[in-house]
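Next come the chains, spelled out residue by residue.
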Amino acid sequence: MTFSSYNSIENIKKQVFSDRNASNLKSTLSNERGDRIYETAITRTNFNDEYRQLPKFLQKKLNRHKNILEVMREKEAGRKSGEDDLDLPPLDNMTTSTDLTITKSANQLGLQTWDNSGFIGQRKPEDLLANELIVPEIAESAPGQNMKVHPTWKLFRVLVGHTGQVTALGFDPNNEYFATGSSDRTIKIWNLASGQLMHTLTGHIMAVRGIVISDRHPYMFSCSEDKTVRCWDLEKNKVVRDYHGHLSSVYSIDIHPTLDLIVTGSRDSSVKVWDIRTRLPVYTLTGHKNTVNKVSCRPTDPQIISCSMDSTVKTWDLIAGKCSKTLTYHSKSVRTFCCNSDNDEFVSGSADGLKKFRLPNCEYLQNMEFLKHDQLSEGNLLLNTNCCNNDGEMFVGCDNGQYGFWDWDTGRIFQDGRNTPISGSMDSERGILCSSFDRSGIRLVTGNVDKTIRMWKPEISAD
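Bear in mind the structure is a predicted one, so any value in this text is a computation, not a measurement. (Residues numbered from 1 in each chain as written. Predicted model: local features only at pLDDT ≥ 70, side-chain atom pairs only at ≥ 80, totals over all residues. Heavy atoms only, no water.)

### Remarks on the overall build of the protein chain
- A count of helical and extended segments in the protein chain gives six helices and 30 strands.
- Per-residue burial for the protein chain yields a buried fraction of 42% across its 463 residues.
- The long-range fraction of contacts in the protein chain, counting pairs at least 24 apart against all pairs at least 6 apart in sequence, stands at 46%. (Helix = DSSP H or I, 4+ residues; strand = E, 2+ residues; numbered from the N terminus. Buried < 20%, exposed > 50% of the residue type's maximum accessible area, 1.4 Å probe, protein only. Contact = heavy atoms within 4.5 Å.)

See the structure below:
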């Protein structure tokens, strides 16, 4: 092919590249060639391991914001069947001579679990590795110890009158009436026998969080989120004294059984001891690092016990005005505790369980049986209140409406259930906030989130 001139060559070039088919062919060839080059370059490139993970400072930030439930779910999903938290095989499946030696040592350490019928298993294998000075050995019921037969408790009366959550309870020493405090800022006096409302007392300007009625005076004491403590004359039904000094909400109050003193616990992390007559604080006991949830007084040492959201229970020397012992057996906030009728033992309650101690030296006795609860799906089980009567029966009420009755001596549950909110309330209002047995121990009264007061009594069998 010959070209006559340079202009003819230019014309032929324009015709070739102006053709749409020719242009598309050129683009396709170029893309295919580029893809082959890119694929070859990627497959022949070797990245070091340090480029396959995030920088350490970014990894720490991501893990720091990970929800604890997500961590537990990941751990549960990755765990093989038959493994525990430390990825150790269960002791029951050990068959080799070495395993038999470990099992024997477990028996010598007392890591067995018993019930009424005898041996039923062993404790977790990781307990073999625990230092008893740091993690105390859990004391289980002895093989021959049987649980006392207790009657079934049933709900027989529901009282409605408060317009807010019922947060506090107190009983008359003559067992004729009881008082309730609420987030509606009022205190109501109820007849114990008939359940009729007798009086409504007003004076606090915020929620009432604690009530105690004196055995030796015609006085009732209340504490509130308005930072005040008030003394009520029950003959005149009016306030006769105010106690000011706390820097934040006052959550708990108790009266000393033999001295003219009241003790309060507050959100300001302090425990104050007040002289009833002079209205002055005798002591301001400091040591807790978070909100004090409950205080209690005893006639003998330790005369004051308190629990806090800092996961500790403290006992206080009233003469020296300082802390005598600090119990750090719980890992979660301790919201409640109660003493038995003899005042020689007490049980503290937290989201990690119920633990029993012996007074006055606060010796650790045992872990009590816990309510069934799915922690992964429902979160922590918050125990708001517990109380005990003279028959060795302990009641525990929880934030999600679960409740249970325990045998004090063996630490086992003999009855459990869940609150049903009254008509017009939401399911989230099942919670039990306060509870107390009456002076005889045959009536139980609970204050609830759904603004009701529920009264329980033991069911008498037909026999």
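The structure having been displayed, the exposition proceeds.
### What about the packing of aromatic side chains?
- Scanning the model with the defined rule gives 17 aromatic pairs in all.
- Between F221 and Y243 the ring centres are 6.5 Å apart and the planes differ by 55 degrees, which places this aromatic pair in the tilted class. Taken together, the positions of F221 in strand β9 (residues 219-224) and Y243 in strand β11 (residues 238-244) put the pair 22 residues apart, joining distant regions of the chain.
- When its relative accessible area of 0% is taken as the criterion, Y243 is described as buried.
- Look at Y329 and Y364: their rings are 5.0 Å apart centre to centre, the planes differ by 5 degrees, and that puts the pair in the stacked class. Here Y364 lies in strand β23 (residues 363-368) and Y329 lies in the loop between β19 (322-327) and β20 (334-339), a separation of 35 residues in the sequence.
- Given a relative accessible area of 16%, Y364 falls into the buried group. (Phe/Tyr/Trp six-rings, centres within 6.5 Å; stacked < 30°, edge-to-face > 60°.)

### Let's talk about the pattern of salt bridges
- Enumeration according to the criterion identifies eight salt bridges in this entry.
- E225 is the salt-bridge partner of R209, the closest N and O atoms lying 2.8 Å from each other. Placement of the pair is R209 in strand β8 (residues 208-213) and E225 in the loop between β9 and β10 (228-233), with a sequence separation of 16 residues.
- The class of R209 is partly exposed, set by a relative accessible area of 27%.
- For D215, the salt bridge is made with R439, and the minimal N-O distance between the two is 3.3 Å. Remark: R439 occurs in the loop between β28 (432-437) and β29 (444-448) and D215 occurs in the loop between β8 and β9; sequence separation between them is 224 residues. (Salt bridge = Lys/Arg side-chain N within 4 Å of Asp/Glu carboxyl O.)

### Concerning unusual backbone geometry
- A cis amide bond, omega -10 degrees, links D301 with the succeeding residue P302.
- Mapped onto the elements, P302 comes out in the loop between β16 (292-297) and β17 (304-308).
- Across the junction of L359 and P360, the peptide omega takes the value 5 degrees, indicating a cis bond.
- Even without being glycine, K227 reaches a positive phi, approximately 75 degrees.
- By the secondary structure assignment, K227 is in the loop between β9 and β10.
- Here C362, not a glycine, exhibits a phi torsion of approximately 60 degrees, which is positive.
- For C362, the position within the fold is in the loop between β22 (353-358) and β23.

### Focus on the confidence of the model for the protein chain
- Per-residue confidence for the protein chain gives a mean pLDDT of 82, with 71% of residues at or over 70.
- Within the model, the stretch residues 91-135 combines pLDDT values under 50 with 58 contacts to residues more than four positions away or in other chains.
- The model gives residues 140-144 a pLDDT under 50, and that stretch makes six contacts with residues more than four places away or in other chains. (pLDDT = per-residue confidence, 0-100.)

### A few points about the sheet that holds β11
- Across the sheet, which stays open at both edges, the four strands sit in the order β8-β9-β10-β11 with antiparallel pairing between neighbours. Because the sheet does not close on itself, it has two edges, and the strands there are β8 and β11. Here the average twist between neighbouring strands, direction ignored, is 20 degrees.
- Across five bridges, the pairing between β9 and β10 is antiparallel. (Pairing = 2+ DSSP bridges. Axes fitted to C-alpha atoms, helices over the stretch in contact; angles between N-to-C directions.)

### Focus on a nonpolar patch on the surface
- A surface patch of nonpolar side chains, amounting to about 230 Å² of accessible area, comprises L155, V158 and V160.
- When you line up the elements, V160 lands in strand β3 (residues 153-160). (Patch = residues over 30% accessible without salt bridge, like charges linked within 9 Å, V, L, I, M, F, W, Y side chains within 5 Å. Areas by Shrake-Rupley, 256 points an atom, 1.4 Å probe, with all protein chains shown as cover.)

### A short note on the pairing of strand β26 (residues 402-407)
- Counted residue by residue, β26 has six buried out of six residues, so it is predominantly covered.
- Of the two faces of β26, both are covered, the one formed by Q402, G404 and W406 as well as the one formed by Y403, F405 and D407.
- Here strand β25 (residues 393-398) runs beside β26; their pairing, made up of five bridges, is antiparallel. When the bridges of β26 are listed, E393 appears paired with D407.
- In terms of strand pairing, β26 meets strand β27 (residues 412-418) through six bridges, oriented antiparallel. Bridged to D407 within β27 is R412.
- Hairpin connection, β26 to β27: the antiparallel pair is bridged by four residues, and G411 has positive phi, about 75 degrees.

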